[in-house]
There are 6 protein chains.
Amino acid sequence: MPEETSRPPDPKIVQRVVEAALLEDGARSDVTTKAVVPEGQAGRAVIIAKEGGVLAGLPVAEATFAALDATVQFVPLVPDGSIISRGDRLVGIEGALPAILSGERVALNFLQQLSGVATATNELVEAVAGLHARPDGRAPARIIDTRKTTPGLRELERYAVRLGGGQNHRFNLSDGVLIKDNHIAAARDRDLSIGQIVELARRNVSHTFRVEIEVTTREEAREAVGAGADAILLDNMSAAEMRLVVEDVAGRAITEASGGVSLDTVREIAETGVDLISVGGITHSAPALDLSMELET
Amino acid sequence: MPEETSRPPDPKIVQRVVEAALLEDGARSDVTTKAVVPEGQAGRAVIIAKEGGVLAGLPVAEATFAALDATVQFVPLVPDGSIISRGDRLVGIEGALPAILSGERVALNFLQQLSGVATATNELVEAVAGLHARPDGRAPARIIDTRKTTPGLRELERYAVRLGGGQNHRFNLSDGVLIKDNHIAAARDRDLSIGQIVELARRNVSHTFRVEIEVTTREEAREAVGAGADAILLDNMSAAEMRLVVEDVAGRAITEASGGVSLDTVREIAETGVDLISVGGITHSAPALDLSMELET
Amino acid sequence: MPEETSRPPDPKIVQRVVEAALLEDGARSDVTTKAVVPEGQAGRAVIIAKEGGVLAGLPVAEATFAALDATVQFVPLVPDGSIISRGDRLVGIEGALPAILSGERVALNFLQQLSGVATATNELVEAVAGLHARPDGRAPARIIDTRKTTPGLRELERYAVRLGGGQNHRFNLSDGVLIKDNHIAAARDRDLSIGQIVELARRNVSHTFRVEIEVTTREEAREAVGAGADAILLDNMSAAEMRLVVEDVAGRAITEASGGVSLDTVREIAETGVDLISVGGITHSAPALDLSMELET
Amino acid sequence: MPEETSRPPDPKIVQRVVEAALLEDGARSDVTTKAVVPEGQAGRAVIIAKEGGVLAGLPVAEATFAALDATVQFVPLVPDGSIISRGDRLVGIEGALPAILSGERVALNFLQQLSGVATATNELVEAVAGLHARPDGRAPARIIDTRKTTPGLRELERYAVRLGGGQNHRFNLSDGVLIKDNHIAAARDRDLSIGQIVELARRNVSHTFRVEIEVTTREEAREAVGAGADAILLDNMSAAEMRLVVEDVAGRAITEASGGVSLDTVREIAETGVDLISVGGITHSAPALDLSMELET
Amino acid sequence: MPEETSRPPDPKIVQRVVEAALLEDGARSDVTTKAVVPEGQAGRAVIIAKEGGVLAGLPVAEATFAALDATVQFVPLVPDGSIISRGDRLVGIEGALPAILSGERVALNFLQQLSGVATATNELVEAVAGLHARPDGRAPARIIDTRKTTPGLRELERYAVRLGGGQNHRFNLSDGVLIKDNHIAAARDRDLSIGQIVELARRNVSHTFRVEIEVTTREEAREAVGAGADAILLDNMSAAEMRLVVEDVAGRAITEASGGVSLDTVREIAETGVDLISVGGITHSAPALDLSMELET
Amino acid sequence: MPEETSRPPDPKIVQRVVEAALLEDGARSDVTTKAVVPEGQAGRAVIIAKEGGVLAGLPVAEATFAALDATVQFVPLVPDGSIISRGDRLVGIEGALPAILSGERVALNFLQQLSGVATATNELVEAVAGLHARPDGRAPARIIDTRKTTPGLRELERYAVRLGGGQNHRFNLSDGVLIKDNHIAAARDRDLSIGQIVELARRNVSHTFRVEIEVTTREEAREAVGAGADAILLDNMSAAEMRLVVEDVAGRAITEASGGVSLDTVREIAETGVDLISVGGITHSAPALDLSMELET
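Rules and cut-offs
Residues numbered from 1 in each chain as written. Chains lettered and ligands numbered in written order. Predicted model: local features only at pLDDT ≥ 70, side-chain atom pairs only at ≥ 80, totals over all residues. Heavy atoms only, no water. Helix = DSSP H or I, 4+ residues; strand = E, 2+ residues; numbered from the N terminus. Buried < 20%, exposed > 50% of the residue type's maximum accessible area, 1.4 Å probe, protein only. Contact = heavy atoms within 4.5 Å. Areas by Shrake-Rupley, 256 points an atom, 1.4 Å probe, with all protein chains shown as cover. Lys, Arg positive; Asp, Glu negative; His and termini not counted. Charge placed at Lys NZ, Arg CZ, Asp CG, Glu CD. Buried area = accessible area lost by both parts, 1.4 Å probe. Salt bridge = Lys/Arg side-chain N within 4 Å of Asp/Glu carboxyl O. Polar contact = N/O pair within 3.5 Å; in protein donor to acceptor, adjacent residues only side chain to side chain. Nonpolar A, V, L, I, M, F, W, Y, C, P; charged D, E, K, R; others polar. Domains from an automatic or database assignment. Least-squares fit on C-alpha atoms with pLDDT ≥ 70 in both. Pairing = 2+ DSSP bridges. Axes fitted to C-alpha atoms, helices over the stretch in contact; angles between N-to-C directions. Parallel < 35°, antiparallel > 145°, perpendicular 65-115°, else oblique. Left-handed = near helix turned anticlockwise from the far one by under 90°. Right-handed = clockwise from strand over helix to strand, strands pointing away.

## With respect to the overall build of chain A
When its secondary structure is counted, chain A shows 11 helices and 12 strands. Each of the three principal axes of chain A carries a C-alpha extent, and together these read 70 × 40 × 35 Å. In chain A, buried positions account for 63% of the 297 residues. A fraction of 69% describes how many contacts in chain A between residues 6 or more apart in sequence connect residues 24 or more apart. Accessible surface, chain A as shown: approximately 10400 Å² in total, 49% of it carbon and sulfur. Charged side chains in chain A number 30 positive and 44 negative. The centres of these two groups are separated by 4 Å.

Structure below.
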């Protein structure tokens with residue numbers, strides 16, 4: 001049974017984001033190209049890797065050129081999600097040169113940012129690879145994203161996370177329940193306990209949602225699970241403490257580790273037996289992957 | 001005479017970007033907050049620096065909460081562009097808790113990304129600080145941005161660049177003429193020389209534009225300036241070669257260095273006498289600055 | 001601890017829907033009012049119930065007049081969600097007559113439709129009132145809505161459902177997992193069993209979602225719950241069969257009855273012990289509640 | 001000479017309404033379908049009548065699937081406007097299963113609502129069928145709609161009215177003049193008589209409009225027609241009184257009956273000789289027609 | 001009883017048009033003003049007539065500055081619709097200089113174009129002034145506009161026509177019936193006579209519309225009126241022929257003269273007794289009225 | 001080397017403007033055409049010149065019909081930019097008659113307005129034709145447009161200017177620096193000299209812009225050029241004074257004449273040796289060129 005991890009974002013969403021980026025870059029009013037390249041000139045270009053990583057964003061780059069000129073041919077030479085090395089030829093592009101030149105920067109901006117996200121994700125995924133399944137048969141910890149994404153690009157960055165081997169958390173505030181530290185502080189002002197907060201949420205949301213809550217101590221974790229929390233987010237706990245919580249919970253709720261995750265710490269965190277490790281840095285701090293487009297004349 | 005470097009982005013533009021981000025994050029359909037925080041509950045929160053850098057984005061964060069609830073008070077405790085240290089209290093927020101909680105992530109996403117850009121810019125600006133004015137009285141090299149920005153956020157990232165002490169290149173393809181390598185390749189296919197390309201551009205664009213062209217050798221630089229180029233972009237040249245070009249040009253055109261700029265190399269590049277040093281990395285690869293919001297109860 | 005059942009829809013969403021309706025009705029190009037009522041004439045009107053039911057939609061009606069003229073006073077005489085009788089005075093409106101007259105029909109169209117939904121919901125809620133809590137202490141069955149809503153008005157109709165005493169199912173396809181008959185048929189084509197489908201869904205969606213699946217027999221219900229389904233939708237089962245399923249499930253999953261629900265059958269269905277009863281008719285077939293607006297001169 | 005009663009709504013308008021509905025339903029972010037149906041799976045479905053009535057809305061349902069996937073085949077098995085019976089197969093759909101499943105609810109919501117409107121209209125049309133032409137040779141009364149439509153769906157509901165055999169009143173406030181009770185009340189405040197109001201309207205609107213005014217007594221009707229009203233709306237008059245007004249008017253103006261129209265009363269009203277009978281209930285209170293979609297595997 | 005001729009366009013419509021114009025002119029990215037005028041500088045300006053005519057468009061100019069900065073004071077020194085002379089001071093503007101400078105051109109573009117329309121209209125209105133009422137008591141011919149308006153500005157130009165003393169024809173294709181030469185040619189292809197075309201239209205449009213048809217000969221005029229046309233458009237007829245048609249029609253239909261209308265011919269046309277004279281040139285060929293804005297320092 | 005003067009506006013921009021115009025004209029709700037022309041009727045029409053001039057706007061007219069019905073054939077019989085004479089057949093149109101009739105007015109409105117602009121431009125261009133190149137080898141004065149365009153139509157009107165043989169100034173406030181009289185007045189309030197204003201602008205804008213400033217005397221012109229202005233706008237100077245300024249400047253800056261330009265004066269102005277002559281009247285006061293569409297049956 002296949003996992004749908006690599007399903008690309010919906011074409012309509014891609015078109016909308018691409019259109020906004022082309023507008024922002026004035027791509028249809030490119031005074032330089034209009035001044036020096038005649039309307040009918042055709043040509044060929046290639047996108048090349050200037051460093052190694054995981055390629056992500058081909059449908060977005062393709063949509064960029066297509067929005068400017070529907071007749072431009074965009075031919076991926078490797079599939080999205082490929083491990084690429086410096087010097088690899090990634091995409092061939094052929095057709096109207098004005099569209100190719102006016103779309104170059106926007107297409108590369110998307111490809112570089114998304115490949116950066118996929119690459120950063122993949123490094124963490126690789127770092128936890130090879131862990132044995134846990135005694136109860138459950139799979140080892142998975143790397144998941146957060147809502148710490150670039151404003152406007154979440155749909156695309158989540159796709160890049162999947163291409164890098166990660167999985168997705170809830171998409172946004174409307175499609176998942178996660179009671180965080182500040183929600184708890186607000187509720188404590190009304191003298192509600194962790195358990196009461198969980199019950200309150202349970203009663204007020206659609207039955208199709210799970211209820212997840214952030215906990216910072218072993219005691220809070222016990223209280224939350226006891227009150228029916230479906231998942232708990234272990235915030236900035238030490239590996240040792242996480243291990244104890246995982247034992248306490250004993251599979252009655254999903255455990256998600258968060259905070260202080262890096263290439264140095266991720267494997268130790270995974271070994272505590274948590275189900276999920278969420279990492280903001282794969283989206284908010286991944287450096288762009290260096291790519292370039294070159295005309296072939 | 002004042003420089004307008006820190007003029008904030010137009011409020012209408014900020015509102016549009018913020019609205020799109022709130023929509024993306026489902027902030028008005030925040031099932032968790034609606035489930036556990038009553039509509040009328042009020043409270044206070046503070047935004048705190050988790051690491052040091054340059055703060056950027058206060059008007060965007062303010063607009064985020066204002067879009068959700070116009071009565072929320074947003075009180076900056078330091079001005080935008082401040083150098084901040086870990087633990088600094090940056091902003092006080094007071095009012096409707098549902099709006100504060102539902103807007104938290106979007107506001108922080110903007111602040112973290114823009115402060116990251118301002119911080120990365122500022123590191124380069126500091127690295128070239130203290131250079132003497134050049135013999136001909138012109139100011140030493142300035143750090144400028146590029147079009148390698150995050151799709152949808154260019155206006156905001158350029159503001160962050162200015163807060164970091166950098167300056168802005170053209171905004172997009174519609175408001176500046178820069179003939180790049182691929183334009184030149186396209187024109188060479190039609191047997192045009194560097195000089196002819198410059199003349200072609202000159203004739204075809206409004207007289208209010210300068211004409212800038214990318215060159216890779218001392219000879220091309222000479223030909224471009226001879227044909228009337230107002231500015232030349234020195235692409236990936238060695239410092240030694242740039243120095244020769246600067247001498248050749250002798251002030252007849254603006255010189256912009258590009259490619260291979262890092263904290264290690266930027267001062268040497270500046271010392272060649274170029275007017276401008278453009279750096280994509282300050283926008284496309286700046287790590288987010290770590291900030292957090294905490295309720296005060 | 002309060003339930004957030006009556007929280008009104010977000011003002012931004014209300015404004016958008018209202019604006020579209022005013023545009024559709026040409027309210028700002030009302031040739032009749034412009035022809036016979038001078039711009040400055042002021043007056044007073046009242047909205048009156050022509051039949052009994054549950055009132056719903058005051059914030060939408062208020063936003064309608066406010067969109068046309070921000071100075072119009074809209075004063076509810078009873079709160080939204082009130083049980084009202086024929087002849088009741090519901091709202092007083094005072095100010096610019098052109099805005100009052102041009103907005104009348106749109107405001108009433110919203111109020112009538114939403115009050116119809118609230119009224120239809122309330123009849124079902126009343127029909128199951130007074131049932132004892134179940135032996136295991138869980139509350140008796142709740143009436144919930146479906147996605148069979150009027151295109152464009154879902155947010156508002158769900159609010160009306162809550163005012164009528166009902167609760168809400170998932171909002172749409174993006175924020176809840178419900179594997180329906182046609183999904184199952186599609187999966188069976190690939191030789192997947194009910195259990196395998198549940199596992200496939202579990203693996204491919206965010207951990208914040210529950211997995212609900214439609215079942216038509218006692219056997220399917222057993223298989224689904226055995227495979228880890230969090231909820232099951234009992235489609236068009238007889239009350240007798242539902243009762244057996246509820247016993248089998250024994251609280252390990254949520255049970256939702258669907259199909260053939262009417263004022264005649266709803267109490268018998270509730271008595272089977274199901275957790276939820278979902279009814280499309282409260283949104284797709286509720287007759288409008290008759291209301292009118294009268295000028296007071 | 002053909003009547004254009006069944007001309008479908010403009011495709012652009014249909015596309016806009018459909019797009020809004022798909023957005024509302026999260027159809028492009030259908031987590032369930034994405035989780036359990038692979039991107040490439042194809043299949044066949046059929047839409048079936050669960051009860052009898054008049055079918056309406058095929059172009060809207062077709063546009064729904066086309067918006068999700070342009071390659072889906074949508075093959076009507078009967079034309080729009082057909083009288084259908086329980087069990088009839090109405091449409092065959094073939095192609096990409098994800099699009100078929102994600103669009104199912106939206107397509108059915110439109111079809112059910114519009115078929116409900118067409119069916120309710122048709123019942124009234126049938127109830128007045130067979131009346132003799134009037135002595136002066138004019139055709140017997142026609143059933144027409146009102147502005148009491150579902151916000152956002154007026155264009156579609158008017159199409160459904162035509163399919164049910166009814167005709168359309170003015171579309172909205174901008175394209176027809178109808179002076180109603182509240183306009184008259186506002187004008188009376190300025191001491192204008194019925195006749196003066198008609199003259200005022202006549203002078204202030206484009207010559208391409210007729211002027212219609214609401215009247216409640218025989219005397220008002222006389223005054224209005226005397227002052228040049230082109231049409232009069234008889235509001236909630238008894239059949240006996242309407243008959244007298246029709247005689248008085250003697251063809252000098254169009255007569256429209258309104259208020260208290262039901263299947264029980266409509267034929268008696270038609271027999272008074274009025275030209276038009278307008279009914280809000282065919283749009284605001286028509287129950288949805290029960291339809292379903294089934295995969296054929 | 002007042003005529004509503006000078007009612008200004010709806011503020012929402014004005015805002016939309018103004019916003020589009022500001023966007024087109026890049027007014028929020030005015031690089032010159034940002035470069036040389038500090039954000040906080042305040043000042044005063046005045047709009048002055050450089051030639052005489054009728055002033056039109058004050059609400060549009062006011063909305064232009066308000067969109068850029070809500071605190072700018074815009075104080076008309078004469079009302080819209082005034083007859084103005086070279087050198088007259090028309091408006092005082094005070095407040096934030098950046099907004100005043102960035103909005104200057106857009107505000108003047110609107111004022112100049114609309115004042116041009118009002119002025120051209122007024123010249124024709126004056127040319128027919130003083131004609132006696134006709135023997136049957138009807139008022140003499142009125143000058144009306146057409147659909148030959150500037151794309152995007154119709155609402156505003158119609159307002160300017162009213163300020164100039166003219167009246168408005170139907171707004172667009174959706175709110176009036178006018179069967180023109182090409183409709184007739186299309187219908188003749190189906191062997192329909194003028195009378196049959198009128199009847200066909202009558203049967204197929206809402207009863208709230210009048211039916212107007214274009215005629216080119218006395219015979220066509222007779223046939224149209226005989227078939228029930230409510231109005232006839234006399235296309236490019238000689239004054240002598242128009243006079244005969246007016247006699248034939250004898251008040252049974254409205255007569256509209258069209259084609260070849262100029263300052264030289266308009267009075268002779270009016271003297272034929274037609275009800276309306278429609279003129280495209282007042283909107284499509286009116287030269288802009290010369291105005292300027294000057295800072296007062 | 002070709003000049004790109006006649007490159008048509010981007011199709012996306014054309015589509016947007018056309019769509020707005022069709023919406024404004026209610027073209028998809030054309031009650032007349034729907035009433036008298038059956039949906040399937042096909043036919044042929046031709047667009048004909050009623051007077052002579054320069055044709056401009058074919059891509060806009062084509063897009064108008066295409067937006068209503070993609071199958072309509074639009075066949076230009078002469079290219080855009082042609083000199084045309086009264087009676088010339090300009091375009092053949094064939095296909096669905098409802099689309100042809102409903103789009104007629106919008107298409108003609110665009111064609112007439114743009115051809116008017118092209119014609120007015122061409123008259124000035126012809127008036128300066130044949131001047132000798134200047135002693136320094138530079139080409140004689142070119143006619144350029146201004147920002148005094150019709151709100152919403154600037155992109156199209158600039159295209160028409162090019163077709164008429166003119167050239168374009170900056171597009172808007174965001175893509176060119178032009179310090180005008182009111183900027184100077186604002187700066188003088190802060191005691192800045194002409195030279196200081198030029199320097200301030202130079203420091204605050206991207207290096208890709210030239211700096212142009214308005215001057216009214218020979219002294220100001222000297223000061224501006226001395227301070228590094230790249231271009232100077234000579235406002236309302238006499239030809240004699242312009243000649244002196246041109247001599248003073250001696251090619252160190254571009255000279256643009258503005259104000260008081262007419263067919264009578266333009267040649268004398270050109271003979272002063274200025275580089276550019278900008279004229280607002282070619283866009284704001286050009287009368288529409290008379291064209292018509294006729295069905296061929």
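## What about the interface of chain D and chain C?
Taken together, the 64 residues of chain D in the interface contact 64 residues of chain C. Across the interface of chain D and chain C, roughly 5100 Å² is buried in total on both sides, 56% from carbon and sulfur atoms. Joining chain D to chain C, the criterion identifies four salt bridges. Between D:D25 and C:R147 there is a salt bridge; the shortest N-O distance is 2.6 Å. The interface formed by chain D and chain C holds 40 residue pairs in polar contact (both at pLDDT 80 or more) in total.

## Some remarks on the pattern of salt bridges
A complete count under the given rule lists 84 salt bridges over all chains for this structure. C:R89 serves as the salt-bridge partner of C:E296, at 3.1 Å between the closest nitrogen and oxygen. In this pair, C:E296 is assigned in strand β12 (residues 291–296) and C:R89 in strand β5 (residues 89–96), connecting sequence segments 207 residues apart. Judged by relative accessible area, which is 43%, C:R89 ranks as partly exposed. We note a salt bridge from D:K12 to F:E19, for which the minimum N-O separation is 3.6 Å. Pair noted here: D:K12 is in helix α1 (residues 11–24) and F:E19 is in helix α1 (residues 11–24), and the two residues belong to different chains. Here D:K12 falls in the partly exposed class, since its relative accessible area comes to 35%. Judged by its relative accessible area of 25%, F:E19 falls in the partly exposed class. Each of A:D10, A:K12, D:E19 and D:R28 takes part in one network of salt bridges that share partners.

## Here we look at the side chain of A:D30
Considering the arrangement of structural elements, one finds A:D30 in the loop between α1 (11–24) and α2 (31–36). As a buried residue without a salt bridge, A:D30 has its nearest oppositely charged side chain in B:R170, at a separation of 5.4 Å. Polar contacts involving the side chain of A:D30 include one to the side chain of A:T33, which spans 2.5 Å.

## Considering the interface of chain C and chain A
Facing the 31 residues of chain C at the interface are 31 residues of chain A. Where chain C abuts chain A, roughly 2500 Å² becomes buried across the two surfaces, and 52% of that area is made up of carbon and sulfur atoms. At the junction of chain C and chain A, the tally comes to two salt bridges. Ionic pairing is found between C:D230 and A:R210, a salt bridge with its closest N-O pair at 3.9 Å. The tally of links from chain C across to chain A stands at 10 residue pairs in polar contact (both at pLDDT 80 or more). Counting only elements with at least two residues in the side of chain C that touches chain A, the list comes to β6 (142–144), α7 (194–204) and β10 (254–258) of chain C. For the side of chain C that touches chain A, the leading source of residues is α7(C), giving five residues. Grouping the amino acids of the side of chain C that touches chain A by side-chain chemistry returns nine nonpolar, 10 polar and 12 charged.

## Regarding the arrangement of the chains
In this assembly chain B lies apart from chain D, the nearest approach of their C-alpha atoms being 12 Å. The closest approach of any C-alpha atom in chain A to one in chain E is 12 Å; the two make no contact.

## Notes on the domain arrangement of chain A
Residue and element names in this part refer to chain A. Structurally, chain A comprises domain 1 (3–126 + 286–296) and domain 2 (131–284). Summarising the inter-unit geometry, the C-alpha centres of domain 1 and domain 2 are found 34 Å apart. Here domain 1 and domain 2 share an interface that buries about 2100 Å² over both sides, 69% of which is from carbon and sulfur atoms. Inspection of the region where domain 1 meets domain 2 yields zero salt bridges. Our enumeration of links across domain 1 and domain 2 arrives at six residue pairs in polar contact (both at pLDDT 80 or more). Elements represented by at least two residues in the side of domain 1 that touches domain 2 include exactly α1, α3 (58–68) and α4 (97–127). When residues in the side of domain 1 that touches domain 2 are grouped by element, the largest group, 11 residues, is from α4. Taken together, the residues of the side of domain 1 that touches domain 2 break down into 18 nonpolar, seven polar and five charged.

## A word on the relation of the copies chain D and chain C
With an axial shift of 0.0 Å and an RMSD of 0.1 Å, the rotation relating chain D to chain C amounts to 180°. Considering both components of the superposition, the chain copies are consistent with a two-fold axis.

## Examining the sheet that holds strand β6 (residues 142–144) of chain E
Residue and element names in this part refer to chain E. Across the sheet, which stays open at both edges, the six strands sit in the order β6-β11-β10-β9-β8-β7 with parallel pairing between neighbours. The outermost strands of the open sheet, each flanked by one partner alone, are β6 and β7 (177–179). Neighbour-to-neighbour, the strand axes of this sheet turn through a mean angle of 25°, independent of strand direction. Of the pairings in the sheet, the one linking strand β10 (residues 254–258) to strand β11 (residues 276–278) comprises three bridges and is parallel in character. Residue pairing across strands places S258 opposite S278, the latter belonging to β11. The strands touched by helix α6 (residues 181–188) within the sheet are β7 and β8 (211–215), with β7 carrying the most contacts at an inclination of about 65°.

## Quick notes on the sheet that holds strand β1 (residues 42–49) of chain C
All names here are of chain C. Across the sheet, which stays open at both edges, the four strands sit in the order β3-β5-β1-β12 with antiparallel pairing between neighbours. The sheet is open, and its two edges are formed by β3 (73–76) and β12, each paired on a single side. Going across the sheet, the axis of each strand differs from the next one's by a mean of 20°, ignoring polarity. Pairing of β1 with β5 involves seven bridges; the strand directions are antiparallel. Bridging from a neighbouring strand, I47 pairs with V91 of β5. Against the sheet, helix α3 (residues 58–68) contacts β3, β5 and β12, and its axis sits at roughly 165° relative to β3.

## Thoughts on the packing of α3(A) against α4(A)
All names here are of chain A. At their nearest, the axes of α3 and α4 sit 9 Å apart, and the two run at 160° to each other. It follows from the interaxial angle that α3 and α4 lie roughly antiparallel. Where α3 crosses over α4, the handedness of that crossing is right-handed. In contact with L58, V60, A61, T64, F65 and L68 of α3, α4 contributes A99, I100, S102, G103, E104, V106, A107, F110, L111 and L114. A class-by-class count of the residues in the contact of α3 with α4 yields 12 nonpolar, three polar and one charged.

## Digging into the relation of the copies chain C and chain A
Aligned on chain A, chain C shows an RMSD of 0.0 Å; the corresponding rotation is 180° and the shift along the axis is 0.0 Å. Taken together, the interface assignments show that 100% of the residues at the interface of chain C recur at the interface of chain A, consistent with an identical surface on both copies.

## Quick look at the pairing of strand β10 (residues 254–258) of chain F
All names here are of chain F. Most of β10 is tucked away, with five of its five residues classed as buried. In this sheet, β10 lies alongside strand β9 (residues 231–235) in parallel orientation, the contact comprising five bridges. For A231, the partnering residue across the bridge sits in β10 and is I254. After leaving β9, the chain enters helix α9 (residues 239–249) and then returns to the sheet as β10, a path that is right-handed.

## A few points about the packing of helix α8 (residues 218–226) of chain D against helix α9 (residues 239–249) of chain D
Residues and elements named next belong to chain D. For the pair α8 and α9, interaxial distance at closest approach is 10 Å and the crossing angle is 25°. One way to sum up the angle between α8 and α9 is to call them roughly parallel. Regarding α8 and α9, the two cross each other, and that crossing is right-handed. Note on element contacts: α9 touches α8 through E241, L244, V245, D248 and V249, opposite R218, A221, R222 and V225.

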